[in-house]
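Below, each chain spelled out in residue letters.
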Amino acid sequence: MDTVLELEIEPGTAPGEFTVRVARSVAGGEPTARFTLDVDALLATRQQLESVLLASSVSSRRILPAAEVSVQSTGAMLFDAIFVGEVAATYRASRAVAADRGRGLQIRLRLGAPGLAALPWEMLYDRDSQAYLCRQEPLVRQVEGAHPPSALAIKPPLQVLAVVSSPRGLQPLDVAVEREHLEEALAQHVRSGRVRLEWVEHASWEELHDRLLRRPWHVLHFIGHGTFDDAADEGLIALVGSDGRADFVNASSLADLLHEASPTPRLVVLNSCESGASSSDDPFSGTAAALARSGIQSVAAMQFTISDRAALAFARGFYTALANGRTIDEAMRSGRIGILGLGRGTLEWVTPVLYVRGPDTRLFDVADLPPEDEAAPTAPVVAAPVDTPSTPPPEAAEPSGPPEPPGPSGPVVPSVPSGRDGRGRLITTGIVLALVLVLGGVATAVYRSVRGDDATALGTGPTTSQTSEAATAPESGGEAPTPVELAVPGDTRWLASGVTCAPGTTLDISASGTIQHDQSADSTVGPDGLTDERYHQYNVEGLPDANTAGLIGGLDESEPFFIGTGVSYDCPRDGELTLGINDINLEANSGALTVTIASRPT
């Protein structure tokens, strides 16, 4: 991103005094300013803020929920501290330049002063614009590296290693609850050869070490328990010891273990509570920051406990952004916007944090799949038993083609654990779902760009050739039709898709993006709409219990059915697929959803 404002914050000469310097600015200049900040007082409010964030997941229609007062005041205090004098002027000028270029302004924070990394900078609030920065602009915490890597060129499939650790003595993880959802979400990406997912269950140090040495890994995702050791000033991750009990591994040791892989994974997702928290003395002592400092290009983590609903909403937004070619920092912002769709009063968009090493936020350059591999049907994904970890062949080189056929020798997709331990550490599939789907989306975006599909720009609807290809299911052994992509505005009653439905045909429909369901500031929702049943009074006829403001479909503007983020629809009769929004009051709606439709034989 060429529209960047990079701020370097260092300790001053007196206690509580700091210096902020503009290290890089799209508006030019490197002004410096001094400010004072009571870091200890702010750190003392962390527990209270965490309670406020979790409580905010309950919907509210107040203009400013009482719970948000503390978050907004904390964010304003942080903003007023660092944006002073010429630094503030440079910030305003940079936003103006970025706006003129039609771009967002990426805010980079280089937090070199002890204690500052533990503060919730994601709450930064600008009183003048009455906006939280991370909801308006991508915000990352940058860790400097001597030789920051460029984007890694890889051939599909993207290699994802998911690590599950549920040692005895800690609250057991619920392994089966998310199984069905994960298999449904990953099936098409595994079948197409875009993603290869492998699991390490009941992960010990030895097992993880062995698995890292077997093949190249692009992404590592950890699902388990995490905490922060105040005495040692370092983040901890719980692996499984030789006795089956918790083996707490510190961040620096985990970083050394990850570097055993060749190449080192470019993205690490820590789906454990407190993985994003840092000590008040060492800005790099938190697990996420320590991994970034050690050479991991990007680390996503959570600085507070996050609810299941918020994690899943974050996943949808994160996936949607990268599937449309966004960088990881832009995807993080989109994930926050996804959380906003849960309700007007939610504040959990504060919880995710992103650490990036070096200036480049594009992690992978993914080669396109050959068209015959992209369209070739394969057998369904076979899930292994819950307690049976997959055993991959000991390949030394990165695979260049689609995954081996499913079965005993092929890739397996076991279930994903989800649960919460007694101290409130939440384990959810939200980010792992985003992670793997995101990577599949990146490959899709690159492939579409190479093929030239971008001629059907958002809002133009399907081309004539796309419509004709999608109208009829392919004959046995024939080439799969090109999916149709079109925009559905938020004020749409019914929109003709140009896709013909006929008995014996299934339409795979997926949707992304956001709309505003009214004119208020916090009315953004995704394709799944509003989950609060109080809004059902605004539903269209025929869908009394569906999510309001969600994406719906019908045949010739009748027989409505709910789509949300995605559905496979078996055509009951001949007709044209029409799309709309589940809302009878459309006048105040705005924005648009991006919808992709692919047809296949039932």
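In this text the structure is predicted, and so the values were computed from the model without any measurement. (Residues numbered from 1 in each chain as written. Predicted model: local features only at pLDDT ≥ 70, side-chain atom pairs only at ≥ 80, totals over all residues. Heavy atoms only, no water.)

## Re the sheet that holds strand β7 (residues 139-143)
By definition, the strands of a sheet pair up through backbone hydrogen bonds, in either a parallel or an antiparallel sense.
Part 1: Across the sheet, which stays open at both edges, the eleven strands sit in the order β3-β2-β1-β4-β7-β17-β16-β15-β11-β9-β10 with mixed pairing between neighbours. The sheet terminates laterally at β3 (32-36) and β10 (195-200), the two strands that pair on one side only. Direction aside, the axes of adjacent strands within the sheet are offset by 25 degrees on average.
Part 2: Pairing between strand β1 (residues 4-11) and strand β2 (residues 17-25): seven bridges, direction antiparallel. In the sheet register, L5 faces β2, and the bridge partner there is S25.
Part 3: Against the sheet, helix α3 (residues 68-82) touches β1, β2 and β3, its axis set at about 140 degrees to β3.
Part 4: Along the sheet face, helix α11 (residues 328-340) touches β4 (106-111), β7, β15 (267-271), β16 (298-302) and β17 (352-357) and points at about 180 degrees away from the line of β17. (Pairing = 2+ DSSP bridges. Helix = DSSP H or I, 4+ residues; strand = E, 2+ residues; numbered from the N terminus. Axes fitted to C-alpha atoms, helices over the stretch in contact; angles between N-to-C directions. Contact = heavy atoms within 4.5 Å.)

## As for the pairing of strand β9 (residues 158-164)
Across a regular strand the side chains alternate sides, sitting on one face of the sheet and then on the other.
Part 1: The buried count for β9 comes to seven of seven residues, which makes it a mostly enclosed element.
Part 2: Because side chains alternate across β9, one face comprises the buried residues L158, V160, A162 and V164, and the other comprises Q159, L161 and V163, equally buried.
Part 3: The sheet contact formed by β9 and β10 spans six bridges and is parallel. Each residue of the ladder has a partner; that of V163, found in β10, is V200.
Part 4: Pairing between β9 and strand β11 (residues 219-223): five bridges, direction parallel. Bridge pairing in β11 places V160 opposite V219. (Buried < 20%, exposed > 50% of the residue type's maximum accessible area, 1.4 Å probe, protein only.)

## Section: the sheet that holds strand β14 (residues 246-250)
Part 1: Spatially, the three strands line up as an open sheet ordered β12-β13-β14, and their pairing is antiparallel. The open sheet has two edge strands with one neighbour each: β12 (226-229) and β14. In this sheet, adjacent strand axes meet at a mean angle of 40 degrees when their direction is disregarded.
Part 2: Pairing of β12 with strand β13 (residues 234-240), which is carried by four bridges, proceeds in the antiparallel orientation. Counted as the bridge partner of F228 is G235 from β13.
Part 3: Packed onto the sheet, helix α8 (residues 251-258) meets β13 and β14 and runs at close to 85 degrees relative to β14.

## Focus on the state of the cysteines
Part 1: A full pass over the atoms with the stated rule returns one disulfide.
Part 2: Paired by a disulfide, C501 and C571 hold their sulfur atoms 1.7 Å apart. Here the S-S torsion is close to -95 degrees, and the disulfide linking C501 with C571 is therefore left-handed. Here C571 lies in the loop between β27 (566-570) and β28 (575-581) and C501 lies in strand β22 (residues 495-501), a separation of 70 residues in the sequence. (Disulfide = S-S within 2.5 Å.)

## What to know about the packing of aromatic side chains
Part 1: Counted under the stated rule, the structure contains seven aromatic pairs.
Part 2: Residues F79 and Y91 carry aromatic rings whose centres are separated by 5.7 Å and whose planes lie at 75 degrees to one another, so their mutual orientation is edge-to-face. Separated by twelve residues along the polypeptide, F79 in helix α3 and Y91 in helix α4 (residues 85-100) bring together distant segments of the chain.
Part 3: Between F83 and Y91, the ring centres sit 4.6 Å apart and the planes meet at 40 degrees, which makes this aromatic pair tilted. Of the two residues, F83 and Y91, both sit in the buried class.
Part 4: Each member of the aromatic cluster is reached from another via a ring pair, and the members are F79, F83 and Y91. (Phe/Tyr/Trp six-rings, centres within 6.5 Å; stacked < 30°, edge-to-face > 60°.)

## Considering the packing of helix α7 (residues 205-214) against α8
Part 1: Axis separation between α7 and α8 bottoms out at 10 Å; the angle between their running directions is 35 degrees. Here W205, L208, H209 and L212 of α7 come into contact with α8, specifically with S253, L257 and L258.
Part 2: Of the residues that constitute the contact of α7 with α8, the class distribution is five nonpolar, two polar and no charged. (Nonpolar A, V, L, I, M, F, W, Y, C, P; charged D, E, K, R; others polar.)

## Comments concerning the confidence of the model for the protein
Part 1: Overall, the prediction assigns the protein a mean pLDDT of 76, with 71% of residues at 70 or greater.
Part 2: Here residues 59-64 is modelled with pLDDT under 50, and outside its nearest four sequence neighbours on either side it reaches eleven contacts, counting other chains as well.
Part 3: When the criterion is pLDDT under 50, residues 374-478 qualifies, and its contacts beyond four places in sequence or with other chains add up to 249 contacts. (pLDDT = per-residue confidence, 0-100.)

## Overview of α7
Part 1: Within α7, the full set of buried residues consists of L208, R211 and L212. The buried residues of α7 occupy an angular sector of 100 degrees when the element is viewed end-on, so they sit on one face. Looking at α7, the residues exposed on the side facing more than 90 degrees away from the buried face are E206 and L213. (Arc of directions from axis to C-beta.)

## Digging into the nonpolar core
Part 1: Counting 82 residues, the largest nonpolar core has L37, F83, L116 and W121 as its most contacted members.
Part 2: Aside from chain neighbours lying at most four places away, what touches F83 is L5, L7, A88, Y91 and L133.
Part 3: Residues V163, L270, A289 and Y355 belong to the second largest nonpolar core, which totals 29 residues. (Core = buried A, V, L, I, M, F, W, Y, C linked by side-chain atoms within 4.5 Å.)

## Re unusual backbone geometry
Glycine aside, residues mostly have negative phi angles, and peptide bonds mostly take the trans form.
Part 1: Residue P263 is bonded to the preceding S262 through a cis peptide linkage, with omega at 0 degrees.
Part 2: Turning to its location among the elements, P263 is positioned in the loop between α8 and β15.
Part 3: A positive phi angle, near 50 degrees, is found at D556, a position not held by glycine.
Part 4: Looking at the element boundaries, D556 is found in the loop between β25 (551-555) and β26 (558-562).
Part 5: The phi torsion at E557 lies on the positive side, around 65 degrees, for a residue other than glycine.
Part 6: Summarising the element assignment, E557 is placed in the loop between β25 and β26.

## Here we look at the packing of helix α2 (residues 46-55) against α3
Part 1: Between α2 and α3, whose axes approach to 9 Å, the crossing angle comes to 125 degrees. Relative to α3, the element α2 lies oblique. Here α2 runs over α3; the crossing is left-handed. Here Q48, L49, V52 and L53 of α2 come into contact with α3, specifically with S70, V71 and T74.
Part 2: Among the residues making up the contact of α2 with α3, the classes are represented as four nonpolar, three polar and no charged. (Parallel < 35°, antiparallel > 145°, perpendicular 65-115°, else oblique. Left-handed = near helix turned anticlockwise from the far one by under 90°.)

## Quick notes on the environment of L577
Part 1: As for its placement among the helices and strands, L577 is situated in strand β28.
Part 2: Classification of L577 by relative accessible area gives buried; the value is 0%.
Part 3: Sequence spacing of L577 and G498 is 79 residues, and the spatial spacing of their C-alpha atoms is 7.1 Å.

## Things to note about α4
Part 1: A rise of 1.5 Å per residue sets the reference length of α4, with its 16 residues, at 22 Å; its end C-alpha atoms lie 23 Å apart and thus fit the reference within 8%.
Part 2: When we look at burial in α4, the residues that qualify are V87, A88, T90, Y91, S94 and A98. Buried residues in α4, looked at end-on, bunch into an arc of 160 degrees, giving them a common side. Facing away from the buried surface of α4 by more than 90 degrees, the exposed residues are G85, E86, A99 and D100.
Part 3: Phi for G102, located one or two positions after α4, is positive at around 70 degrees. (Expected span 1.5 Å × (residues − 1).)

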